[in-house]
Amino acid sequence: MSLRRHALAALGLAFALGTAFAQGAPRPVAPLQVSPSAWFVQGDTALGSPANRNFISNAGFVVTPAGVVVIDALGSPQLARELLEEIARVTPLPVTHVVVTHYHADHVYGLQEFRRRGARILAHRGGLAYLGSPVAAARLEASRVELAPWIDAQTQLLEPDEWLDGPRELVLGGTRLLLRPVGPAHTPEDLVVFLPAERVLFAGDLVFRGRVPFVGQADSARWIAALDALLALEARVILPGHGSLSDAASADLRLTRDYLAYLRESMGAAARDMEPFDEAYARTDWSRFEHLPLFKVANRMNAYNTYLLMERQER
Ligand SMILES: [Zn+2]
(Lines give C-alpha, C1' and ligand atoms only; values in the text may rest on other atoms or scores of the structure.)
Protein backbone atom coordinates (compact mmCIF):
# COMPACT_ATOMS: atom_id res chain seq x y z
CA MET A 1 0.00 0.00 0.00
CA SER A 2 1.29 3.48 -0.77
CA LEU A 3 2.15 5.89 2.01
CA ARG A 4 -0.85 7.95 1.13
CA ARG A 5 -3.23 4.99 1.21
CA HIS A 6 -1.75 3.90 4.55
CA ALA A 7 -2.32 7.34 5.94
CA LEU A 8 -5.86 7.62 4.62
CA ALA A 9 -6.82 4.17 5.90
CA ALA A 10 -5.35 5.12 9.27
CA LEU A 11 -7.30 8.37 9.33
CA GLY A 12 -10.52 6.47 8.67
CA LEU A 13 -9.82 3.97 11.42
CA ALA A 14 -8.79 6.74 13.82
CA PHE A 15 -12.10 8.44 13.16
CA ALA A 16 -14.06 5.22 13.70
CA LEU A 17 -12.20 4.56 16.97
CA GLY A 18 -12.74 8.11 18.10
CA THR A 19 -16.49 7.87 17.71
CA ALA A 20 -16.84 4.28 18.95
CA PHE A 21 -14.99 4.93 22.17
CA ALA A 22 -16.19 8.43 22.88
CA GLN A 23 -18.92 7.18 25.21
CA GLY A 24 -18.05 4.79 28.02
CA ALA A 25 -15.37 2.20 27.26
CA PRO A 26 -11.80 3.48 27.44
CA ARG A 27 -10.01 3.92 24.14
CA PRO A 28 -7.82 0.90 23.37
CA VAL A 29 -4.14 1.16 22.49
CA ALA A 30 -4.63 0.27 18.82
CA PRO A 31 -1.63 0.77 16.50
CA LEU A 32 -2.21 2.02 12.98
CA GLN A 33 0.40 1.31 10.35
CA VAL A 34 1.31 4.52 8.54
CA SER A 35 4.22 3.34 6.37
CA PRO A 36 6.08 0.03 5.78
CA SER A 37 7.86 0.30 9.15
CA ALA A 38 6.11 3.02 11.17
CA TRP A 39 3.10 2.71 13.47
CA PHE A 40 1.09 5.14 15.52
CA VAL A 41 -1.29 5.00 18.49
CA GLN A 42 -3.62 7.89 19.21
CA GLY A 43 -4.90 9.01 22.60
CA ASP A 44 -8.05 10.94 23.47
CA THR A 45 -8.27 14.66 22.97
CA ALA A 46 -9.06 15.32 26.61
CA LEU A 47 -7.56 16.04 29.99
CA GLY A 48 -6.16 13.04 31.85
CA SER A 49 -8.70 11.20 34.02
CA PRO A 50 -9.17 7.77 35.62
CA ALA A 51 -11.78 7.05 32.90
CA ASN A 52 -9.31 7.56 30.04
CA ARG A 53 -6.33 6.06 31.96
CA ASN A 54 -4.34 9.19 31.05
CA PHE A 55 -4.38 8.06 27.41
CA ILE A 56 -4.35 11.66 26.16
CA SER A 57 -1.18 11.64 24.10
CA ASN A 58 0.07 9.66 21.14
CA ALA A 59 3.03 7.35 20.70
CA GLY A 60 4.68 5.68 17.74
CA PHE A 61 7.10 2.92 16.89
CA VAL A 62 9.40 1.95 14.08
CA VAL A 63 10.12 -1.70 13.39
CA THR A 64 13.65 -2.35 12.11
CA PRO A 65 15.33 -5.69 11.31
CA ALA A 66 17.25 -5.38 14.59
CA GLY A 67 14.60 -4.22 17.06
CA VAL A 68 11.89 -1.67 17.68
CA VAL A 69 12.29 2.02 18.44
CA VAL A 70 9.38 3.54 20.38
CA ILE A 71 8.68 7.26 20.31
CA ASP A 72 7.11 8.44 23.60
CA ALA A 73 5.98 6.16 26.40
CA LEU A 74 2.29 7.11 26.93
CA GLY A 75 0.65 8.42 30.09
CA SER A 76 0.62 5.42 32.45
CA PRO A 77 2.47 2.10 32.96
CA GLN A 78 -0.71 0.18 32.03
CA LEU A 79 -0.88 1.91 28.63
CA ALA A 80 2.82 1.14 28.09
CA ARG A 81 2.20 -2.54 28.83
CA GLU A 82 -0.63 -2.58 26.32
CA LEU A 83 1.56 -0.90 23.73
CA LEU A 84 4.25 -3.54 24.33
CA GLU A 85 1.64 -6.29 23.82
CA GLU A 86 0.53 -4.67 20.57
CA ILE A 87 4.13 -4.38 19.37
CA ALA A 88 4.60 -8.10 20.12
CA ARG A 89 1.73 -8.84 17.73
CA VAL A 90 3.58 -6.98 14.96
CA THR A 91 7.09 -8.36 15.53
CA PRO A 92 8.88 -10.83 17.81
CA LEU A 93 11.79 -8.38 18.09
CA PRO A 94 12.35 -6.51 21.37
CA VAL A 95 11.99 -2.77 21.94
CA THR A 96 15.60 -1.63 22.03
CA HIS A 97 15.13 2.16 22.36
CA VAL A 98 12.57 4.68 23.55
CA VAL A 99 12.93 8.28 22.42
CA VAL A 100 11.24 10.91 24.61
CA THR A 101 10.06 13.91 22.56
CA HIS A 102 9.67 15.99 25.75
CA TYR A 103 9.20 15.41 29.48
CA HIS A 104 5.50 16.18 29.89
CA ALA A 105 3.77 13.69 32.18
CA ASP A 106 1.37 12.27 29.61
CA HIS A 107 4.29 11.29 27.36
CA VAL A 108 6.59 9.71 29.99
CA TYR A 109 4.66 7.98 32.81
CA GLY A 110 4.92 4.68 30.90
CA LEU A 111 8.75 4.73 30.63
CA GLN A 112 9.44 2.27 33.45
CA GLU A 113 7.75 -0.58 31.57
CA PHE A 114 10.16 -0.19 28.66
CA ARG A 115 13.21 0.02 30.89
CA ARG A 116 12.10 -3.11 32.76
CA ARG A 117 12.31 -4.95 29.45
CA GLY A 118 15.79 -3.63 28.69
CA ALA A 119 15.05 -0.71 26.36
CA ARG A 120 17.44 2.20 26.33
CA ILE A 121 15.82 5.61 26.92
CA LEU A 122 17.03 8.69 25.01
CA ALA A 123 16.03 12.30 25.65
CA HIS A 124 17.44 15.77 25.11
CA ARG A 125 19.43 17.32 27.95
CA GLY A 126 17.08 20.30 28.01
CA GLY A 127 14.72 18.09 30.06
CA LEU A 128 17.19 17.71 32.94
CA ALA A 129 16.11 20.88 34.77
CA TYR A 130 12.42 20.00 34.67
CA LEU A 131 12.96 16.35 35.62
CA GLY A 132 14.78 17.32 38.80
CA SER A 133 12.40 20.14 39.68
CA PRO A 134 9.88 20.35 42.53
CA VAL A 135 7.23 21.02 39.87
CA ALA A 136 7.77 17.60 38.28
CA ALA A 137 7.69 15.89 41.70
CA ALA A 138 4.52 17.75 42.72
CA ARG A 139 2.88 16.85 39.44
CA LEU A 140 3.61 13.15 40.02
CA GLU A 141 2.25 13.36 43.58
CA ALA A 142 -0.94 14.99 42.31
CA SER A 143 -1.26 12.41 39.52
CA ARG A 144 -1.07 9.57 42.05
CA VAL A 145 -4.31 10.96 43.51
CA GLU A 146 -6.07 12.31 40.41
CA LEU A 147 -5.18 9.43 38.10
CA ALA A 148 -5.45 6.52 40.57
CA PRO A 149 -5.25 3.62 40.11
CA TRP A 150 -3.34 4.11 36.84
CA ILE A 151 -0.68 6.27 38.44
CA ASP A 152 0.33 4.99 41.88
CA ALA A 153 3.20 4.85 44.37
CA GLN A 154 5.13 2.56 42.01
CA THR A 155 4.98 5.03 39.11
CA GLN A 156 8.29 6.81 38.70
CA LEU A 157 9.81 9.64 36.74
CA LEU A 158 12.85 8.18 35.00
CA GLU A 159 16.01 9.80 33.76
CA PRO A 160 17.03 8.60 30.31
CA ASP A 161 20.03 6.31 29.83
CA GLU A 162 21.44 8.90 27.49
CA TRP A 163 21.01 12.68 27.46
CA LEU A 164 21.50 14.06 23.96
CA ASP A 165 23.33 17.34 23.51
CA GLY A 166 22.74 17.63 19.78
CA PRO A 167 21.43 15.76 16.76
CA ARG A 168 21.88 12.01 16.82
CA GLU A 169 21.58 9.38 14.14
CA LEU A 170 20.28 6.04 15.32
CA VAL A 171 20.98 3.22 12.87
CA LEU A 172 19.39 -0.09 13.73
CA GLY A 173 19.45 -3.06 11.37
CA GLY A 174 20.17 -0.69 8.50
CA THR A 175 17.21 1.59 9.30
CA ARG A 176 18.24 5.21 9.86
CA LEU A 177 16.43 7.42 12.31
CA LEU A 178 17.33 11.07 12.77
CA LEU A 179 16.85 12.47 16.27
CA ARG A 180 16.80 16.24 16.09
CA PRO A 181 16.63 18.71 18.95
CA VAL A 182 14.29 21.55 17.96
CA GLY A 183 13.87 23.32 21.30
CA PRO A 184 13.50 25.37 23.20
CA ALA A 185 10.13 25.73 21.49
CA HIS A 186 7.17 23.96 23.12
CA THR A 187 9.62 22.84 25.85
CA PRO A 188 13.41 23.25 26.29
CA GLU A 189 13.96 19.59 25.41
CA ASP A 190 11.84 19.21 22.25
CA LEU A 191 13.12 16.36 20.13
CA VAL A 192 11.66 15.13 16.83
CA VAL A 193 12.31 11.78 15.15
CA PHE A 194 12.47 11.45 11.38
CA LEU A 195 12.50 8.24 9.33
CA PRO A 196 14.00 9.57 6.08
CA ALA A 197 13.53 6.40 3.99
CA GLU A 198 9.75 6.66 4.45
CA ARG A 199 9.54 10.40 5.13
CA VAL A 200 7.68 9.91 8.39
CA LEU A 201 8.09 12.55 11.09
CA PHE A 202 7.29 12.04 14.77
CA ALA A 203 6.86 15.69 15.73
CA GLY A 204 6.01 15.61 19.44
CA ASP A 205 4.04 18.65 20.56
CA LEU A 206 5.53 21.06 18.06
CA VAL A 207 2.75 20.57 15.54
CA PHE A 208 -0.88 21.11 16.42
CA ARG A 209 -3.14 19.71 13.77
CA GLY A 210 -5.75 22.04 12.31
CA ARG A 211 -6.22 23.93 15.51
CA VAL A 212 -4.92 26.85 17.49
CA PRO A 213 -1.97 25.81 19.69
CA PHE A 214 -1.50 26.78 23.33
CA VAL A 215 1.48 29.11 23.23
CA GLY A 216 1.90 29.48 27.00
CA GLN A 217 5.30 30.84 27.98
CA ALA A 218 7.00 29.36 24.90
CA ASP A 219 9.38 31.53 22.92
CA SER A 220 7.45 31.78 19.67
CA ALA A 221 10.46 32.99 17.64
CA ARG A 222 12.29 29.74 18.39
CA TRP A 223 9.12 27.75 17.80
CA ILE A 224 8.78 29.33 14.34
CA ALA A 225 12.43 28.50 13.60
CA ALA A 226 11.80 24.90 14.66
CA LEU A 227 8.76 24.65 12.37
CA ASP A 228 10.82 25.99 9.48
CA ALA A 229 13.42 23.29 10.18
CA LEU A 230 10.67 20.65 10.11
CA LEU A 231 9.26 22.01 6.84
CA ALA A 232 12.71 21.57 5.30
CA LEU A 233 12.51 17.81 6.00
CA GLU A 234 9.62 17.52 3.52
CA ALA A 235 7.85 14.83 5.53
CA ARG A 236 4.98 13.01 3.87
CA VAL A 237 3.31 11.93 7.09
CA ILE A 238 3.44 13.79 10.39
CA LEU A 239 2.59 12.04 13.63
CA PRO A 240 1.84 14.70 16.23
CA GLY A 241 1.96 14.31 20.01
CA HIS A 242 -1.80 14.85 20.17
CA GLY A 243 -4.62 14.40 17.68
CA SER A 244 -4.79 12.53 14.43
CA LEU A 245 -1.96 12.00 12.01
CA SER A 246 -1.49 14.35 9.11
CA ASP A 247 -1.01 13.47 5.47
CA ALA A 248 -1.19 17.17 4.63
CA ALA A 249 2.03 17.60 6.54
CA SER A 250 3.36 20.85 5.21
CA ALA A 251 -0.04 22.58 5.32
CA ASP A 252 -0.35 21.77 9.03
CA LEU A 253 3.18 22.95 9.76
CA ARG A 254 2.56 26.17 7.87
CA LEU A 255 -0.70 26.87 9.67
CA THR A 256 0.95 26.69 13.11
CA ARG A 257 3.92 28.72 11.90
CA ASP A 258 1.79 31.40 10.24
CA TYR A 259 -0.41 31.72 13.31
CA LEU A 260 2.60 32.22 15.60
CA ALA A 261 4.12 34.71 13.16
CA TYR A 262 0.85 36.66 12.98
CA LEU A 263 0.66 36.87 16.77
CA ARG A 264 4.18 38.27 16.87
CA GLU A 265 3.55 40.72 14.05
CA SER A 266 0.26 42.11 15.39
CA MET A 267 1.12 42.11 19.11
CA GLY A 268 4.69 43.22 18.42
CA ALA A 269 3.45 46.36 16.66
CA ALA A 270 1.10 47.13 19.56
CA ALA A 271 3.84 46.63 22.15
CA ARG A 272 6.21 48.84 20.20
CA ASP A 273 3.60 51.60 19.93
CA MET A 274 2.71 51.16 23.63
CA GLU A 275 -0.89 50.54 22.63
CA PRO A 276 -2.85 48.92 25.49
CA PHE A 277 -3.42 45.21 24.95
CA ASP A 278 -7.24 45.31 25.02
CA GLU A 279 -7.39 47.95 22.29
CA ALA A 280 -4.83 46.17 20.15
CA TYR A 281 -6.62 42.86 20.54
CA ALA A 282 -10.01 44.33 19.63
CA ARG A 283 -8.75 46.01 16.48
CA THR A 284 -6.66 43.08 15.19
CA ASP A 285 -8.13 41.21 12.23
CA TRP A 286 -8.35 37.55 13.34
CA SER A 287 -10.45 36.39 10.37
CA ARG A 288 -7.77 34.08 9.01
CA PHE A 289 -7.70 31.98 12.19
CA GLU A 290 -11.02 32.46 13.99
CA HIS A 291 -12.67 29.46 12.28
CA LEU A 292 -10.06 27.08 13.78
CA PRO A 293 -10.91 24.74 16.66
CA LEU A 294 -9.91 26.11 20.08
CA PHE A 295 -9.63 29.67 18.75
CA LYS A 296 -12.14 30.94 21.32
CA VAL A 297 -10.45 29.09 24.18
CA ALA A 298 -6.85 29.90 23.37
CA ASN A 299 -6.43 32.94 21.14
CA ARG A 300 -6.84 35.77 23.61
CA MET A 301 -4.39 34.21 26.08
CA ASN A 302 -1.95 33.43 23.26
CA ALA A 303 -2.16 37.03 22.08
CA TYR A 304 -1.68 38.35 25.61
CA ASN A 305 1.36 36.13 26.26
CA THR A 306 2.83 37.23 22.95
CA TYR A 307 2.16 40.89 23.77
CA LEU A 308 4.08 40.48 27.06
CA LEU A 309 6.89 38.64 25.30
CA MET A 310 7.21 41.36 22.64
CA GLU A 311 7.05 44.06 25.31
CA ARG A 312 9.99 42.45 27.16
CA GLN A 313 11.91 42.26 23.89
CA GLU A 314 11.26 45.95 23.21
CA ARG A 315 12.97 46.99 26.41
ZN1 LIG B 1 1.73 16.71 25.04
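Anything mentioned here points back to the structure above.
The text that follows walks through the structure, step by step, so that each part is easy to find. (Residues numbered from 1 in each chain as written. Predicted model: local features only at pLDDT ≥ 70, side-chain atom pairs only at ≥ 80, totals over all residues. Heavy atoms only, no water.)

### Focus on the coordination of the zinc ion
Each angle at a metal carrying four tetrahedral donors should ideally be 109.5 degrees, and each at a metal carrying six octahedral donors should ideally be 90 or 180 degrees.
Point 1. Donor atoms from the polypeptide that bind the zinc ion are His107 (NE2), Asp205 (OD) and His242 (NE2), placed at 2.0 to 2.1 Å.
Point 2. Here the donor residues of the zinc ion are spaced in sequence according to H-x97-D-x36-H. With His107 in helix 3 (residues 105–108) and Asp205 in the loop between strand 11 (200–204) and helix 7 (220–232), this pair connects stretches of sequence that are 98 residues apart. Comparing His107 with Asp205 shows no difference in burial state: the two are buried. (Donors = N, O, S within 2.8 Å, 3.2 Å for Na, K, Ca; no water. Helix = DSSP H or I, 4+ residues; strand = E, 2+ residues; numbered from the N terminus. Buried < 20%, exposed > 50% of the residue type's maximum accessible area, 1.4 Å probe, protein only.)

### Things to note about the sheet that holds strand 8 (residues 168–172)
Point 1. Ordered by their spatial adjacency, five strands build an open sheet running 8-9-10-11-12, and the pairing between neighbours is mixed. Both edges of this open sheet fall to strand 8 and strand 12 (237–240), since each of them pairs with a single strand only. Looking at each pair of strands side by side, their axes are set apart by 20° on average, direction ignored.
Point 2. For strand 9 (residues 175–181) and strand 10 (residues 191–195), the ladder comprises four bridges, and the chain directions are antiparallel. The residue bridging Leu178 from the neighbouring strand is Phe194, located in strand 10. (Pairing = 2+ DSSP bridges. Axes fitted to C-alpha atoms, helices over the stretch in contact; angles between N-to-C directions.)

### Some points on the pattern of salt bridges
Point 1. Inspection of every chain in the model, using the stated rule, returns 18 salt bridges.
Point 2. The partner of Arg300 in a salt bridge is Asp278, and the shortest N-O contact between them spans 2.5 Å. Highlighted residues: Arg300 in helix 10 (residues 295–314) and Asp278 in helix 9 (residues 277–283), separated in sequence by 22 residues. (Salt bridge = Lys/Arg side-chain N within 4 Å of Asp/Glu carboxyl O.)

### A few points about the packing of helix 7 against helix 8 (residues 249–272)
Point 1. Axis separation between helix 7 and helix 8 bottoms out at 10 Å; the angle between their running directions is 155°. Judged by the angle between their axes, helix 7 and helix 8 are roughly antiparallel. Relative to helix 8, helix 7 is oriented so that their crossing is left-handed. Contacts from Ser220, Ala221, Trp223, Ile224, Leu227, Asp228, Leu230 and Leu231 of helix 7 reach helix 8 at Ser250, Leu253, Arg254, Thr256, Arg257, Leu260, Ala261 and Arg264.
Point 2. Looking at side-chain class alone, the contact of helix 7 with helix 8 contains nine nonpolar, three polar and four charged residues. (Parallel < 35°, antiparallel > 145°, perpendicular 65-115°, else oblique. Left-handed = near helix turned anticlockwise from the far one by under 90°. Contact = heavy atoms within 4.5 Å. Nonpolar A, V, L, I, M, F, W, Y, C, P; charged D, E, K, R; others polar.)

### Observations regarding the nonpolar core
Point 1. In this structure, Leu201, Leu206, Val207, Trp223, Leu230 and Ile238 are the most contacted members of the largest nonpolar core, which totals 41 residues.
Point 2. Sorting elements by how many residues they give to this core places helix 8 first, with eight residues.
Point 3. Leave out the neighbours within four places in its chain, and Leu201 touches Val192, Val193, Phe194, Leu230, Leu233, Ala235, Val237, Ile238 and Leu239.
Point 4. Counting 34 residues, the second largest nonpolar core, distinct from the first, contains Phe114, Ile121, Leu158 and Trp163. (Core = buried A, V, L, I, M, F, W, Y, C linked by side-chain atoms within 4.5 Å.)

### Overview of helix 2 (residues 77–90)
Point 1. Between the first and last C-alpha of helix 2 there are 20 Å, a value that for 14 residues agrees with the 20 Å anticipated at 1.5 Å per step.
Point 2. Where helix 2 is concerned, the buried positions are Pro77, Leu79, Ala80, Glu82, Leu83, Leu84 and Ile87.
Point 3. Where the residues of helix 2 are buried, they touch strand 2 (38–41), strand 3 (59–64), strand 4 (67–71), strand 5 (95–99) and helix 4 (111–116). (Expected span 1.5 Å × (residues − 1).)

### A short note on the sheet that holds strand 6 (residues 120–124)
Point 1. A sheet is described by the order of its strands in space; here seven strands give the open sequence 1-2-3-4-5-6-7, paired in mixed fashion. Sheet topology places strand 1 (32–33) and strand 7 (162–164) at the edges, where each strand pairs with a single neighbour.
Point 2. Two strands pair when backbone bridges link them, and strand 3 and strand 4 are joined in this way by five bridges, in the antiparallel orientation. Residue Phe61 lies in a different strand from strand 4, and its bridge partner there is Val70.
Point 3. Sheet strands touched by helix 2: strand 2, strand 3, strand 4 and strand 5. Its angle to strand 3, the strand with the most contacts, is close to 30°.

### A word on the packing of aromatic side chains
Point 1. Scanning the entire structure with this criterion turns up 10 aromatic pairs.
Point 2. Seen in terms of ring centroids, Phe277 and Tyr307 are 5.6 Å apart; in terms of plane orientation they differ by 65°. Their pairing is edge-to-face. Remark: Tyr307 occurs in helix 10 and Phe277 occurs in helix 9; sequence separation between them is 30 residues. Each member of the pair, Phe277 as well as Tyr307, carries the same accessibility label: buried. (Phe/Tyr/Trp six-rings, centres within 6.5 Å; stacked < 30°, edge-to-face > 60°.)

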